[in-house]
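The primary structure of each chain is shown beneath.
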Amino acid sequence: KDSISFFMDNVKDSNFVFYLQPQYDVKKNRLYGAEALARKVEPDGKVVSPFEFIPALEKTGLIAQLDFFILESVCRYLERNHQLGIFRDIVISMNFSRVTMQESGFEEHVFEIVDHYDFDINLLQVEVTESASSISRKRMAELIRSLSEHGIKVALDDLGVEYSSLSMMTLEGVHAIKIDMSFIRAMSSDKKAGVLIRNVIRMAHELGMEALAEGIETKEQLLQLGEFECDY
């Protein structure tokens, strides 16, 4: 509560909300879940892209307050769905900044918020930025294991960009991987990108994980990923 109050007191000139980006089950041809994406809404109704405010919040140290604010909003949404008996099997994912994940007591704060609400914990998935190079592998392993043991699904985000390493897929507690959209965009014109995607999906399955591809915009991309046996 202190963090939320601090955040609200320091960012009074705008309103933060989350939008839901649908996640599609390729094999069952149905909605599987959604990712909660933070957005800033100006007084005139203009919706501001996170690329315009996330860097500033990270620089000022307010990003953790935004992350926990969105987490609480998502938990409140899941509790409402539970009470109304709707979207019973729709998984909601959310991402934490690497800055937030490095905060002392990060997991404890997550659990405090999550345990305050009444909903099926299996419907919450936390996405860990796989390219968070400033976090040691040991710390990342502890974080993923801790979240997983509490019942929260954990997905590796941005697989395939910056400092990402496939070895992260071997950490205990990883439920799913997310293939970065840059690979999907390259797939139609670069056969090598397709080979990489197909084999990353295969590795994920052999390691007992699910695979989700980001940024699907054409029917051809969807059909290709279906051939690769991508899950979502």
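Located above this text is the structure these notes cover.
Since the model is a prediction, treat every value here as computed from it, not as a measurement.

(A) Molecular detail of the overall build of the chain. Scanning the chain for helices and strands turns up nine helices and eight strands. Burial status across the chain gives 47% buried among its 232 residues. Carbon and sulfur atoms make up 50% of the accessible area of the chain, which totals about 12,200 Å².

(B) Structural context of the packing of aromatic side chains. As enumerated under the stated definition, the model contains six aromatic pairs in all. Their ring planes at 80° and their centres at 5.9 Å tell us that F18 and Y77 sit as a pair that is edge-to-face. With F18 in strand β1 (residues 15–25) and Y77 in helix α3 (residues 63–84), the pair connects residues that are 59 residues apart, well separated along the chain. With centroids separated by 5.0 Å and ring planes inclined at 90°, the aromatic side chains of F96 and F106 adopt a geometry described as edge-to-face. Of this pair, F96 sits in strand β4 (residues 91–96) while F106 is found in helix α5 (residues 106–114), placing the two residues 10 residues apart along the sequence. Take F96 and F106: they sit in the same class, and that class is buried. Each member of the aromatic cluster is reached from another via a ring pair, and the members are F68, F96 and F106.

(C) Region of interest: a nonpolar patch on the surface. Taken together, L166, M203 and L207 make up a surface patch of nonpolar side chains, about 260 Å² in accessible area. Counting through the fold element by element, M203 comes out in helix α8 (residues 191–206). Judged by its relative accessible area of 34%, M203 is partly exposed.

(D) The arrangement of the nonpolar core in detail. L66, L71, F96, V110, I177 and L225 are the most contacted members of the largest nonpolar core, which totals 67 residues. If one sorts the elements of this core by residue count, α3 sits on top with 10 residues.

(E) Highlighting the side chain of E35. Counting through the fold element by element, E35 comes out in strand β2 (residues 30–41). A polar contact is formed between the side chain of E35 and the side chain of K178, at a distance of 2.9 Å. Apart from the residues lying within four places of it in its own chain, the contact partners of E35 are Y19, L20, Q21, Q23, S93, E127, K178 and E214.

(F) Representation of the pattern of salt bridges within the structure. Enumeration according to the criterion identifies eight salt bridges in this entry. In this structure, the salt-bridge partner of K27 is D231, at a minimum N-O distance of 3.5 Å. Here the residue K27 occupies a position in the loop between β1 and β2, and D231 occupies one in the segment after α9 (219–227), the gap between them amounting to 204 residues. Residue D231 is classed as buried on the basis of its relative accessible area of 11%. Note that R30 is salt-bridged to D89, the shortest N-O span being 2.7 Å. A residue pair is termed long-range when its members are at least 10 positions apart, and R30 in strand β2 and D89 in the loop between α3 and β4 qualify at 59 residues. Within this structure, E35, E127, D157, K178 and E214 form a network of salt bridges that share partners.

Calculation rules
- Residues numbered from 1 in each chain as written.
- Predicted model: local features only at pLDDT ≥ 70, side-chain atom pairs only at ≥ 80, totals over all residues.
- Heavy atoms only, no water.
- Helix = DSSP H or I, 4+ residues; strand = E, 2+ residues; numbered from the N terminus.
- Buried < 20%, exposed > 50% of the residue type's maximum accessible area, 1.4 Å probe, protein only.
- Areas by Shrake-Rupley, 256 points an atom, 1.4 Å probe, with all protein chains shown as cover.
- Phe/Tyr/Trp six-rings, centres within 6.5 Å; stacked < 30°, edge-to-face > 60°.
- Patch = residues over 30% accessible without salt bridge, like charges linked within 9 Å, V, L, I, M, F, W, Y side chains within 5 Å.
- Salt bridge = Lys/Arg side-chain N within 4 Å of Asp/Glu carboxyl O.
- Core = buried A, V, L, I, M, F, W, Y, C linked by side-chain atoms within 4.5 Å.
- Polar contact = N/O pair within 3.5 Å; in protein donor to acceptor, adjacent residues only side chain to side chain.
- Contact = heavy atoms within 4.5 Å.

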